[in-house]
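Examination of the molecular architecture
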Amino acid sequence: MTKSNRIIAHVVLPVPVRRHFDYLIPDNQSTRHPLIGKRVLVPFGKSRKKVGLVIGQSNLSEIPPDKLKAIENVIDESPLLNDKQLNLLQWISNYYLAPIGDLIFSSLPPILRLGHKLEIKREIFWQVSATGKTTDKSSLSRAKKQLAILGFLSNLDGPSSRFALNEQFHDWRNPVNELIKKGLVETIERESSHLDHQSDFIDIILNAEQQNAFELICKGMETNGRFLLDGVTGSGKTEIYIKVIQKVVNLGKQALVLVPEIGLTPHFITRFKKRINAEIVLVHSGLTDNERLQAWIKAKNGTAKVIIGTRSAVWTPMKSPGVIIVDEEHDPSYKQQEGVRYSAKDIAILRSRDEKATIILGSATPSLESLHNVEKNKLNRITLYTRVENAQPPKFKLIDLRGKKLHGALSDELIESMRQVIGDKKQVLLFQNRRGYSPVQMCHECGWIHKCDRCDIPLTFHKHLNRLLCHHCGIQRPQGDACQECSSTEIIPVGHGTERLYETLSELFPDANILRIDRDTTRHKGAMNSFTDKILSGEIDILVGTQMLAKGHHFPNVTLVGIIDADMGLYSNDFRAGEKMGQMITQVSGRAGRASHPGTVMIQTHYPDHPLIRLLIQNDYQNFAQIQLTERKMVNLPPYIYQVLLRAEGYEIDQPLNFLRQSETKLRNIADNLEIFGPYPSPIEKRRGRYRFQLLIHSEKRSELQKYMHEWVNKLEQIKIGNKVRWSLDVDPIDLL
Ligand code: ADP
Ligand code: ZN
Ligand code: ZN
């Protein structure tokens with residue numbers, strides 16, 4: 001350390017380096033106003049410039065003053081992040097062993113990372129003109145698209161943003177311009193808060209159970225309560241969130257609501273807008289950069305009262321936070337799986353403590369982690385036992401597949417029940433968590449399986465593309481390649497994805513309206529919304545789909561749910577497979593039925609006596625989860641112990657292995673009381689041509705683990721062969737792939 005007579009700024013940059021960089025503060029900057037929390041433009045390397053953020057300043061540096069370069073430009077007039085936020089980010093960076101610059105910059109809206117000014121830009125909006133409102137629309141009868149757009153705009157409460165038009169229409173520019181030429185539509189320029197206030201508010205009166213939960217939460221608000229709202233699907237959790245948010249807003253505070261998927265946000269927004277008289281903003285990756293920035297600014301300055309978003313929305317600053325809600329808290333999408341591998345749920349909990357806000361984690365199938373936190377009194381559990389309007393819980397039936405003749409993947413019993421339900425003009429939901437036609441292609445002569453050359457997994461056949469796809473790396477291969485072992489051309493599809501199920505169903509039920517919902521069919525913007533409309537209108541007889549069906553939606557006309565294959569979760573090498581299966585089946589089952597026509601769930605299995613299956617059909621997730629927890633405790637697995645996973649991959653098999661062996665030695669030298677497993681090949685041994693290995697570390701004490709990890713990370717960076725491999729650390733990994 002050298003002391004300097006000048007003030008030195010400690011700057012972090014968006015680079016994967018676990019330290020800050022020092023720069024001189026230019027003379028024209030008054031030192032009375034520290035730069036901490038502001039972005040600056042700094043020289044980096046030989047001739048490059050980078051946007052950085054000042055996290056501290058002092059007159060100390062490890063670099064001699066005459067070697068230091070100066071900040072070129074200070075971008076922000078006032079700090080983007082205050083001391084408290086910076087402290088929290090420091091803490092998170094320590095916890096996740098993540099480079100601080102990487103973390104801070106990935107927590108900012110993308111446009112701020114590039115150095116754009118913090119300002120709200122005006123944007124163009126479209127609305128129906130006075131003429132448009134009175135014109136007879138039949139004059140447009142031949143311009144279908146224009147008519148549709150005019151209809152869409154007329155039904156809105158206010159002008160439409162580019163975002164909303166994009167959501168609804170492909171290529172809307174030309175038809176809109178035509179409408180403008182005809183004087184039917186006009187543009188206005190204003191601030192973009194892409195959600196307008198609603199005029200027709202509705203109110204809902206909570207039932208006794210909901211009211212009780214609401215009051216408990218209100219009481220807890222005074223002491224920054226932490227809640228697990230554990231209520232079966234349809235028990236009215238969302239209504240409780242809304243009441244809590246109304247209260248928070250009335251107190252002049254803000255609410256942050258996290259949901260697992262973008263697909264769910266429109267559904268939430270519509271509901272929230274009808275109930276909450278305050279500015280609501282959305283934060284997710286489907287927005288334009290400008291829209292995201294505006295939402296961020298409005299949350300930061302307090303104009304936006306409700307912020308709804310997916311994982312990354314957890315970083316949104318709030319001027320006066322009142323409550324943070326994490327809906328479907330068990331959902332794995334809250335954990336980031338690349339870059340800084342943070343858990344948005346855990347960060348939400350941390351933030352609530354730091355910012356003195358109430359936190360509510362909600363789910364019909366709470367994660368074992370949260371249930372464990374209830375055990376430790378870190379969360380207060382509030383249970384909702386009944387469905388609103390006395391909708392009955394579904395009845396479960398097991399179908400023993402052993403030795404039975406199947407039609408495609410369907411048993412006679414399931415088909416028979418489907419016929420009855422469709423005959424009664426009700427709907428069937430079939431759940432199969434595999435997209436594509438068939439997940440495995442096998443040589444009928446010799447049993448060879450067609451795998452991806454670059455990854456160690458079988459290719460999935462997609463019939464509409466007539467191609468084989470790798471679901472890990474996305475590579476495509478033509479269908480019809482001969483067997484690479486025996487040259488036979490008789491390659492048969494094994495297993496049933498949603499596409500193949502759809503085909504079977506079309507043959508078995510030629511008159512039925514069948515809808516397939518998976519990532520392939522919902523790729524288009526707005527697709528999920530229009531599918532939901534179709535289902536709710538009763539137009540559809542059978543819907544078949546993946547876990548997308550298990551999220552957020554209610555389908556009251558569905559009276560039969562078929563779980564095509566419950567066995568996948570039973571014998572996996574992932575210790576979380578059982579928990580995931582239980583959550584998925586319970587969630588899908590909960591989509592069905594209402595008071596007047598309760599639902600039935602039929603589960604097809606080859607293991608009707610398996611204890612997990614037996615527990616699930618009692619429709620008692622609480623008991624199911626409790627037993628899983630006890631098992632985890634017995635065998636010393638999370639949430640009873642803490643894990644850190646070091647992954648490494650490289651083109652030559654020796655490189656990652658070598659790196660991990662050296663890493664292991666270094667760790668054993670630092671700590672002799674940690675359990676270290678490996679290095680061993682990852683369950684997916686090869687991906688995109690790289691060999692993959694991992695080292696798994698267990699500890700019963702989180703603090704101990706953290707202490708050693710820091711010393712270790714610094715040592716890892718010195719391992720020479722580290723340059724040849726890609727390695728990453730995953731703290732609290734949710735899968736060990
Ligand atoms: P969850 O979030 O637990 O799945 P929701 O809050 O979505 O449950 O409620 C399910 C359905 O019941 C929704 O259509 C909702 O509008 C309705 N609902 C919830 N609470 C009430 C209530 N107290 N009175 C009338 N309808 C309600
Ligand atoms: Zn063969
Ligand atoms: Zn692949």
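As for the side chain of threonine 586
Note that threonine 586 resides in helix 17 (residues 577-590). For threonine 586, a relative accessible area of 17% gives the class buried. The contact partners of threonine 586, leaving out residues within four places of it in the chain, are Thr365, Leu616 and Tyr621.

Some remarks on helix 5 (residues 144-154)
Among the residues making up helix 5, those that are buried are Gln146, Ile149, Leu150, Phe152 and Leu153. Considered in projection along helix 5, the buried side chains sweep an arc of 160 degrees and stay on one side of the axis.

Overview of the layout of surface pockets
Which parts of space are left empty comes out when a probe the size of a water molecule is rolled across the atoms. Put simply, the second largest pocket is a space of about 1100 Å³. As for the second largest pocket, its lining consists of 38 residues, of which Asp346, Glu369, Asn373, Arg702 and Asp732 are closest to the centre. Broken down by secondary-structure element, the contributors of at least two residues to the lining of the second largest pocket are helix 1 (83-95), helix 12 (344-354), helix 13 (368-375), helix 17 and strand 28 (642-650). It is helix 12 that provides the largest number of residues to the lining of the second largest pocket, a total of five residues. Classifying every residue of the lining of the second largest pocket by side-chain character gives 15 nonpolar, eight polar and 15 charged.

A short note on the site of ligand 1
In the vicinity of ligand 1 there are 16 residues, among which Ile205, Gln210, Lys237, Thr238 and Arg271 approach most closely. Interatomic distance of 2.8 Å between a backbone N/O atom of lysine 237 and an oxygen atom of ligand 1. Protein contact buries 75% of the 560 Å² of open area that ligand 1 shows by itself. The greatest single-element share of the shell around ligand 1, amounting to three residues, is contributed by helix 9 (residues 237-250). Classifying every residue of the shell around ligand 1 by side-chain character gives five nonpolar, eight polar and three charged.

With respect to the coordination of the zinc ion (ligand 3)
Only Cys452 (SG), Cys455 (SG), Cys470 (SG) and Cys473 (SG) from the protein reach the zinc ion (ligand 3) as donors, at distances of 2.3 to 2.4 Å. With four donor atoms in place around the zinc ion (ligand 3) and angles of 107 to 112 degrees between them, the coordination shape is tetrahedral. In terms of primary sequence, the donors binding the zinc ion (ligand 3) are separated according to C-x2-C-x14-C-x2-C. Highlighted residues: cysteine 455 in the loop between strand 19 (440-443) and strand 20 (460-462) and cysteine 473 in the loop between strand 21 (467-469) and strand 22 (476-478), separated in sequence by 18 residues. With a relative accessible area of 3%, cysteine 455 lands in the buried category.

Considering the environment of arginine 341
Take arginine 341: it is sitting in the loop between strand 12 (321-326) and helix 12. Its relative accessible area of 14% is what places arginine 341 among the buried residues. With 390 residues separating them in the primary sequence, arginine 341 and valine 731 have C-alpha atoms 7.3 Å apart. When near neighbours in sequence (up to four residues on either side) are disregarded, arginine 341 contacts Tyr96, Lys335, Gln336, Arg647, Ser728, Leu729, Asp730 and Val731. From its side chain, arginine 341 meets the backbone oxygen of glycine 339 in a polar contact 3.1 Å long.

Notes on the coordination of the zinc ion (ligand 2)
Note on the zinc ion (ligand 2): its protein donors are Cys443 (SG), Cys446 (SG), Cys483 (SG) and Cys486 (SG). The metal-donor distances range over 2.2 to 2.4 Å. Considered as a linear motif, the donors of the zinc ion (ligand 2) on their single chain read C-x2-C-x36-C-x2-C.

So, the packing of helix 1 against helix 12
Orientation of helix 1 relative to helix 12, taken along the N-to-C sense of each, is 145 degrees, at an axis distance of 11 Å. Crossing angle aside, the handedness with which helix 1 passes helix 12 is right-handed. Contact residues: Lys84, Leu88, Trp91 and Ile92 in helix 1; Ile347, Leu350, Arg351 and Asp354 in helix 12.

A closer look at the packing of aromatic side chains
With the rule as written, the count across this model stands at nine aromatic pairs. The ring of tyrosine 708 carries lysine 707 above its face, with NZ or CZ at 5.1 Å from the centroid.

Describing empty space enclosed by the protein
One pass over the full model with this rule turns up three cavities of 30 Å³ or more. Lining of the largest cavity is provided by 14 residues; of these, Leu81, Gln85, Leu89, Trp315 and Arg351 occupy positions nearest its centre. At the level of elements, helix 1 and helix 12 are the ones that each hand at least two residues to the lining of the largest cavity. Top element by residues in the lining of the largest cavity is helix 1. It accounts for four residues. Here the residues of the lining of the largest cavity sort into ten nonpolar, two polar and two charged. Each of two domains, domain 1 (2-113) and domain 3 (208-388), supplies a minimum of three residues to the lining of the largest cavity. Considering only enclosed or pocket space, the second largest cavity measures out at about 110 Å³ in volume. Among the residues making up the lining of the second largest cavity, the classes are represented as five nonpolar, four polar and two charged. For the lining of the second largest cavity, the two domains that each supply at least three residues are domain 1 (2-113) and domain 3 (208-388).

Description of the domain arrangement of the chain
Domain annotation of the chain identifies domain 1 (2-113), domain 2 (122-191), domain 3 (208-388), domain 4 (391-435 + 498-631), domain 5 (439-494) and domain 6 (642-731). For domain 2 and domain 5, the distance between their C-alpha centres works out to 48 Å.

Quick look at unusual backbone geometry
At the junction of proline 638 and proline 639, the peptide bond is cis and its omega measures out at 5 degrees in the coordinates. Relative to the helices and strands, proline 639 is located in the loop between helix 19 (621-634) and strand 28. Following glycine 678, the chain continues into proline 679 via a peptide bond in cis, with omega recorded as 5 degrees. Mapped onto the fold, proline 679 is located in strand 29 (residues 675-687). Backbone geometry at lysine 425 places phi at a positive 65 degrees, although glycine is not the residue there. Position of lysine 425 relative to the elements: it lies in the loop between helix 14 (412-423) and strand 18 (427-431). Among the residues examined, lysine 425 registers a relative accessible area of 73% and is labelled exposed.

Side note on the environment of serine 537
Its place among the elements puts serine 537 in helix 16 (residues 527-537). Classification of serine 537 as exposed rests on a relative accessible area of 52%. Considering only alpha carbons, one finds serine 537 and phenylalanine 555, 18 residues apart in sequence, at a separation of 10.0 Å. For serine 537, the side chain forms a polar contact with the main-chain oxygen of lysine 534, separated by 3.0 Å. One polar contact links the side chain of serine 537 to the main-chain amide nitrogen of glutamate 539, over a distance of 3.4 Å.

Cut-offs used in this document
- Residues numbered from 1 in each chain as written.
- Chains lettered and ligands numbered in written order.
- Predicted model: local features only at pLDDT ≥ 70, side-chain atom pairs only at ≥ 80, totals over all residues.
- Heavy atoms only, no water.
- Helix = DSSP H or I, 4+ residues; strand = E, 2+ residues; numbered from the N terminus.
- Buried < 20%, exposed > 50% of the residue type's maximum accessible area, 1.4 Å probe, protein only.
- Contact = heavy atoms within 4.5 Å.
- Arc of directions from axis to C-beta.
- 1 Å grid on protein atoms, 1.4 Å probe; cavity = no way out; pocket = protein on both sides within 12 Å on 5 of 7 lines; lining within 4 Å.
- Points joined across faces, edges and corners; volume = space filled by probe spheres on them.
- Nonpolar A, V, L, I, M, F, W, Y, C, P; charged D, E, K, R; others polar.
- Near = heavy atom within 4 Å.
- Polar contact = N/O pair within 3.5 Å; in protein donor to acceptor, adjacent residues only side chain to side chain.
- Areas by Shrake-Rupley, 256 points an atom, 1.4 Å probe, with all protein chains shown as cover.
- Donors = N, O, S within 2.8 Å, 3.2 Å for Na, K, Ca; no water.
- Tetrahedral: all angles 85-135°; square planar, octahedral: opposite > 155°, others 65-115°.
- Axes fitted to C-alpha atoms, helices over the stretch in contact; angles between N-to-C directions.
- Left-handed = near helix turned anticlockwise from the far one by under 90°.
- Phe/Tyr/Trp six-rings, centres within 6.5 Å; stacked < 30°, edge-to-face > 60°.
- Lys NZ or Arg CZ within 6 Å of the ring centre and 35° of its normal.
- Domains from an automatic or database assignment.

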